[in-house]
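Residues per chain are reported as follows:
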Amino acid sequence: MADHSTCPPLTRQSVQAAHKRIEPYIHRTPVAQTPPANPLLTAPRQITPPSPPTTAKPTVRLFFKSENQQKIGAFKARGAFHALGRLIEENGIDSVRARGVVTHSSGNHAQALAFAAKTFAVPAHIVMPTISTPSKIAGTKSHGAEVVFSGSTSEEREKVTQGIIDRTGATLIPPYDHPDIILGAGTQALELEEQAMEILSTSASMAGNSSGGQKKQKKGLDAVIAPIGGGGMLSGICTALHGTGIRVFGAEPSFEGANDAERGLASGQRIAHVKTLTIADGLRTPVGEIPWSIISDKDKLAGIYSVNEEQIKAAMRLALERMKVFIEPSAAVGLAVMLYHEGFRRMVEKEGGEEGWNVGVVLSGGNTTMEAIGKLFAKSERVEERAQGTVGRDGAKVAENVPG
């Protein structure tokens, strides 16, 4: 990687400069809006097995940043192109090509770096856990990268990665714990901020024309909520929006201690080791040291909320069936918090009042398969049917009680 001492400062201005650098290589992904009176938000579908009932009914307009439509299907393209571009700028393209690059990732950063490396004709070595989603492995290989498999923990990945560095001299481009990755990831927040304001301005103008008078323009975003695993994206968003008045929140899975950021903030100390098999596979890593230094700053991050596996699946189902948006489980975590976390919903209801809040929700990626989705929801449906008494534990249908 580019040396930390020569990296730009972690500021909004540096994120703006990063956006100019990577703009030729990425998509300006679209933003979709929900109306404030959407019943899916005021009274979301109940989950089986039941989670605590949601009683808060906040007035919310959601603005979905569709990074599932980004190149390689996830926001990670932003950090990979920025980090590799900075490395080439500092060391020269010939030197970078001679050494190659290496990283470790469960899938999205793997594909992003492989794609960025192919764009600049740089050899890439990618360490991936053996349990990575098959489509992410295939996607990484399709860009010509060498894929080397490892165990699923961050320690196991890093050990194999170091072996490749020792063997080839390749330069490490980590998935999240580096200023260049953070600045690149934060560029999506700049776009979201602008796009939401454009949508709101257009809506206000149309409303004013239809009423025959001037209608007061609605303010911009009040908040943004995004998933957090290693923390590169969330810390980048915090950096990009710092000083704008837009509050930033993180969303995590709680399964098997995957909510290390939430727990770390509660204890006042970063949790360095996490071992979880949450369905949100992109969020299984502990928060990195540099992202932690940002998200632990209360002036930059307003809070982190976690949700369980069933809530994540319910949010993903809503996105697939009602919104017609194809996302992976990790991308559904922020929406799950908005739908099902009573504490978050109550806070938005209280602070938003009658006018409500404009909330940006980052859909971080869409790299999964129909087979994986089928397996995920087939299990949920069996649990729900058992709860309703329509199937037995062996999966066989239970005869209905029909009066004679």
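Preceding block: the structure.
In this text, all values refer to a predicted model and were calculated from it rather than measured experimentally. Per chain, the residues get numbers from 1 upward, laid out in the order the sequence is written. Per-residue local features of the predicted model are confined to residues with pLDDT of at least 70, and side-chain atom pairs are confined, for both listing and counting, to 80 or more; whole-chain, interface and lining totals are unaffected and use all residues. Note: side-chain values were computed over all heavy atoms of the structure, leaving out hydrogens and water.

**Student:** Where do I start with a nonpolar patch on the surface in this structure?
**Tutor:** The patches reported here contain residues having more than 30% relative accessible area and no salt bridge. Joining distances are 9 Å for like charges and 5 Å for nonpolar side chains (Val, Leu, Ile, Met, Phe, Trp, Tyr). Note that accessible areas follow from Shrake-Rupley with a 1.4 Å probe, and for residues the cover is restricted to the protein chains shown. By convention in these notes, a salt bridge is any Lys or Arg side-chain nitrogen within 4 Å of a carboxyl oxygen on Asp or Glu. On the surface, a cluster of nonpolar side chains totalling about 270 Å² of accessible area is made up of I131, F255 and L277. The class for F255 is partly exposed, based on a relative accessible area of 34%. In this scheme, a residue with accessible area under 20% of its type's maximum is buried, one over 50% is exposed, and one in between is partly exposed, where area comes from a 1.4 Å probe on protein chains only.

**Student:** Just to check I follow, could you spell out the sheet that holds strand 10 (residues 357–363) for this structure?
**Tutor:** Adjacent strands of a sheet pair through backbone hydrogen bonds, lying either parallel or antiparallel. Whether two strands pair depends on DSSP finding at least two bridges between them. The helix count covers DSSP runs of H or I at least four residues long, the strand count covers runs of E at least two residues long, and both are numbered beginning at the N terminus. Strand order across the open sheet formed by 6 strands is 1-2-10-7-8-9, with mixed pairing between neighbours. Only two strands of the sheet have a single partner each, and these edge strands are strand 1 (31–33) and strand 9 (303–307). For this sheet the average axis-to-axis angle between neighbouring strands, irrespective of direction, equals 25 degrees. Relative to strand 10, strand 7 (residues 223–227) runs parallel, the two being bridged by 3 bridges. Pairing of A223 across the sheet is with V359, part of strand 10. Of the strands in this sheet, strand 2 (60–66), strand 7, strand 8 (247–253), strand 9 and strand 10 are in contact with helix 14 (residues 333–340), which crosses strand 8 at around 100 degrees. For helices, the fitted axis covers only the stretch in contact; all axes are lines through C-alpha atoms, and the angles between them, taken along N-to-C directions, range from 0 to 180 degrees. Two residues form a contact once any of their heavy atoms are found within 4.5 Å.

**Student:** Mind showing me how you'd approach the pattern of salt bridges here?
**Tutor:** Counting across every chain of the model gives 19 salt bridges. Its salt-bridge partner being E193, residue R12 comes within 3.2 Å of it at the nearest N-O pair. Taken together, the positions of R12 in helix 1 (residues 12–22) and E193 in helix 9 (residues 187–211) put the pair 181 residues apart, joining distant regions of the chain. The structure contains a network of salt bridges with shared partners spanning R21, R86, E89, E90 and D180.

**Student:** So what exactly am I meant to see when it comes to the environment of G236 here?
**Tutor:** Tracing the backbone through its elements, the reader meets G236 in helix 10 (residues 232–241). As a C-alpha pair, G236 and T187 span 49 residues in sequence and 7.6 Å in three-dimensional space. If we skip the residues at most four places from it in the chain, G236 touches V15, I182 and G186.

**Student:** Please clarify how the packing of aromatic side chains should be interpreted in this entry.
**Tutor:** Each pair of aromatic rings is reported with the distance of its centres and the angle of its planes. When the centres of two rings from Phe, Tyr and Trp lie within 6.5 Å, Trp using its six-membered ring, the rings pair. Their planes under 30 degrees apart give stacked, over 60 give edge-to-face, and anything left gives tilted. Per the stated rule, a full pass over the model turns up 8 aromatic pairs. Centroid distance Y25 to F81: 5.2 Å. Interplanar angle 5 degrees. Geometry classified as stacked. With Y25 in the loop between helix 1 and strand 1 and F81 in helix 3 (residues 76–91), the pair connects residues that are 56 residues apart, well separated along the chain. Taking the centre distance of 6.4 Å and the plane angle of 35 degrees together, the rings of F249 and W357 count as tilted. Of the two residues, F249 is situated in strand 8 and W357 in strand 10; the sequence distance between them amounts to 108 residues. The exposure class of W357 is buried, given its relative accessible area of 5%. Ring pairing ties together the aromatic residues Y25, F81, F115 and F120, which thus form one cluster.

**Student:** What should I look at first to understand helix 3 in this one?
**Tutor:** Because the α-helix completes a turn every 3.6 residues, residues three or four places apart line up on one side. By this rule the span expected of a helix is its residue count minus one, scaled by 1.5 Å. When the terminal C-alpha atoms of helix 3 are compared, their 23 Å separation across 16 residues agrees well with the 22 Å that a helix rising 1.5 Å per residue should span. The buried count for helix 3 comes to 13 of 16 residues, which makes it a mostly enclosed element.

**Student:** Help me out: how do you make sense of the nonpolar core in this one?
**Tutor:** General note: in soluble globular proteins, nonpolar side chains tend to be found buried as a group. As used here, the term nonpolar core means buried Ala, Val, Leu, Ile, Met, Phe, Trp, Tyr and Cys residues forming a set that is joined through side-chain atoms within 4.5 Å. The biggest cluster of nonpolar side chains holds 41 residues, and the ones touching the most others in it are L62, I225, F249, I327 and F344. If you tally residues by element for this core, the top one is helix 14, at 7 residues. Look past the residues within four positions of F249 in its chain and what remains in contact with it is A223, V224, I225, A226, L234, L301, A302, G303, Y305, F344, M347 and W357. Core analysis: the second largest hydrophobic core is formed by 34 residues, F63, L192, L200 and I246 among them.

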